[in-house]
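Chain by chain, the residues run as shown.
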Amino acid sequence: MSYALDTAVLVAVVTNAADWERIQREGWYRIPLRHAPQRLGARLIAWYPTRACGDERWQVRWYAPIERARLTTRVQLLPNEPDHPRANERYWRIECGPLNRLPRPIPARRQQRVTFIPTRWERLLHAHDVADLWIGDHALEELCQALTEAGYAPTRRRLREGMGETRSDLEVRPTLDGVLIRWPSGAVRLFQHELAWNMAACVQRILFHLQCSANDSAREILLQ
Amino acid sequence: MRFLGMSGAIWGKPELMSYDSQRIRPHLSVSLLYFFDVLRYLLQQRVRMYRLPHQFAPYLSHPDRPRWHDQVAECQAELTELQQQIVAAGLRLTMHLPLSLSFTSPDAAVRQRTLATIEAQTLLLMALSGSDSVLVAHLGGVYGCREQSTERAVALLEALQPQARALLALEHDEHHWSLNDALIIAQRTHIPLVFDWHHFHATSAPPWNAAEALNSALATWPADRVPKVHLSSPRTEVRIAASQRRLALPTWREHSDLINPFDLIRLAQLPVLRPFDLMLEAKAGDLALLRARQDLARWLPMWEEP
């Protein structure tokens, strides 16, 4: 079956052999409600098995359509483990259709901590590394692409990384209401609605400020 | 005016989907997964009223797909979890019935399908957000004789279960049922009427007495339900027609991307009998709502969304 390139896909980690077995034989996967990702809605689910899953480990090879999602408790999912400390915690049971193999498995070249990656079908087809699957925010992607095309090398930061020191020449950092673009001598803050309305104007604004900073630096060097 | 509401796509976060438009057989539980994500965004933006797409659970009452009819019962746990979040957020949900349904059709099968859809969508809305939600429906065509169509609509509306009547609201349109026509049915059946700014102006002749028209619709709402009003502005752009060989003039029927701020301010300043929630029917969805808030802050600074 073919999917539109922008079809939503959730890549999910599998950390034990029993879960991997259930996915393959029974067609369901579980996610603890309190650890569920911020974006759960997807048409397809793909898996990233870890060391415990034998030969399939550290690569994304299998995917399936999501058919049904149920909210239930762990003990209902795994009735033979009634005394588990999290027996009464709530879990999503994601039920899938038949498993399909990607034309080319996506390896994790660096062993990284992966839990969930919301991505798109296009990335699943073309990624060379699990790290390529991250798409994050649509507007941020577009902004980074535009800055790259303008000759800069923006570094994406994640919201959870906080507001520490700027570690690169140009950083793109999401905030709760938009994005902060920082470089060693300046910063521009853009709100989500500004990005959504007029991406081109936002890029122009960043480039203008970057150019001003570069001119200031050049002037300082000349004056020294 | 109490809350502003939005319908349509989430443009501020295009990666969020209100429903799966590609899937052939979406189970309600999969739509609910999408809605968990949308709800998070609505809370971030402090949106207090949201229209669910009618495709949210498309086979809920489809006569040829009986095995999909129990989806609401099958999703009880997921709906309960969502309802808790919706109620905690104070979000009011609404839904619009598909235009293919009709209360007035001479075809009994169409009327039966209308009835079944209303009952099914009522179950879904009640499970999601309780009796505060609104299910909006147009009346249908006139089919040659307005009196007979009126009688068919009244009979069907009176046959509805009390729970469905408690959520349903009628809406006038700009083709068949003007505000006054729809008011007659609303008053006879005690089903409230949604005032639609665009339809009202498109179907009545000036001088428009918008305050009187609005208040006549507001008066149809029971005391324990906050009335709902629709506002949209006509699209004004000249566009290149599909053939690419001619320009297409605007029809004034299509909705524009944004709400005309002067219509918004005029509506917000009308003397009204009681507060209402305002659904913005604009193609730019959430962006139109954010812009409307900015416009209100600029031209009507004393207005504040609770």
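In the block above lies the structure referred to throughout.
Remember, predicted model here, so these are calculated numbers, not experimental data.

Quick look at the overall build of chain B
Logical step 1: A tally of regular secondary structure across chain B gives 11 helices and 10 strands.
Logical step 2: For 306 residues, the compact-globule estimate of 2.2 N^0.38 gives 19 Å, and the C-alpha radius of gyration of chain B, at 19 Å, lies within 12% of that figure.
Logical step 3: Counting only C-alpha atoms, chain B reaches 50 × 50 × 50 Å along its principal axes.
Logical step 4: When the 306 residues of chain B are sorted by exposure, 57% land in the buried category.
Logical step 5: Sequence separation of 24 or more characterises 76% of the internal contacts of chain B that already satisfy a separation of 6 or more.
Logical step 6: For chain B, the computed accessible surface area is about 13,300 Å², with 54% contributed by carbon and sulfur atoms.

A word on the packing of helix H1 (residues 28–44) of chain B against helix H3 (residues 76–89) of chain B
All names here are of chain B.
Logical step 1: Contact pair H1 / H3: the axes reach a minimum separation of 11 Å and the direction vectors enclose 15°. Between H1 and H3, the interaxial angle falls into the category roughly parallel. Pair H1 / H3 crosses with left-handed handedness. Where H1 abuts H3, its residues Ser29, Leu32, Phe35, Phe36, Leu39 and Leu43 lie against Glu78, Leu79, Glu81, Leu82, Gln85, Ile86 and Ala89.

A word on the interface of chain A and chain B
Logical step 1: If you look at the interface, chain A gives 28 residues, while chain B gives 30 residues.
Logical step 2: Across the chain A/chain B interface, buried area totals approximately 2,500 Å², and carbon plus sulfur atoms make up 53% of it.
Logical step 3: Broken down residue by residue, the surface that chain A buries against chain B is led by Arg43, Arg68 and Trp197 of chain A, which jointly contribute 23%.
Logical step 4: The tally of links between chain A and chain B comes to 2 salt bridges.
Logical step 5: In this structure, the salt-bridge partner of Glu78 of chain B is Arg68 of chain A, at a minimum N-O distance of 3.8 Å.
Logical step 6: Put simply, chain A and chain B have 9 residue pairs in polar contact (both at pLDDT 80 or more) between them.
Logical step 7: Considering every element that reaches the side of chain A that touches chain B, the biggest residue donor is strand S4 (residues 59–73) of chain A, with 6 residues.
Logical step 8: Partitioned by chemical class, the residues of the side of chain A that touches chain B number 13 nonpolar, 7 polar and 8 charged.

Details of the packing of aromatic side chains
Logical step 1: Evaluation of the coordinates by the stated rule reveals 10 aromatic pairs over all chains.
Logical step 2: Ring pairing ties together the aromatic residues Tyr3, Tyr63 and Trp121 of chain A, which thus form one cluster.
Logical step 3: The positively charged end of Arg65 of chain B is found above the aromatic ring belonging to Tyr59 of chain B, 4.4 Å away from the centroid.
Logical step 4: If you follow Arg146 of chain B out to its NZ or CZ, it ends over the ring of Trp177 of chain B, 4.9 Å from the centre.

The rules behind the values
- Residues numbered from 1 in each chain as written.
- Chains lettered and ligands numbered in written order.
- Predicted model: local features only at pLDDT ≥ 70, side-chain atom pairs only at ≥ 80, totals over all residues.
- Heavy atoms only, no water.
- Helix = DSSP H or I, 4+ residues; strand = E, 2+ residues; numbered from the N terminus.
- Rg over C-alpha atoms; globule rule 2.2 N^0.38 Å.
- Buried < 20%, exposed > 50% of the residue type's maximum accessible area, 1.4 Å probe, protein only.
- Contact = heavy atoms within 4.5 Å.
- Areas by Shrake-Rupley, 256 points an atom, 1.4 Å probe, with all protein chains shown as cover.
- Axes fitted to C-alpha atoms, helices over the stretch in contact; angles between N-to-C directions.
- Parallel < 35°, antiparallel > 145°, perpendicular 65-115°, else oblique.
- Left-handed = near helix turned anticlockwise from the far one by under 90°.
- Buried area = accessible area lost by both parts, 1.4 Å probe.
- Salt bridge = Lys/Arg side-chain N within 4 Å of Asp/Glu carboxyl O.
- Polar contact = N/O pair within 3.5 Å; in protein donor to acceptor, adjacent residues only side chain to side chain.
- Nonpolar A, V, L, I, M, F, W, Y, C, P; charged D, E, K, R; others polar.
- Phe/Tyr/Trp six-rings, centres within 6.5 Å; stacked < 30°, edge-to-face > 60°.
- Lys NZ or Arg CZ within 6 Å of the ring centre and 35° of its normal.

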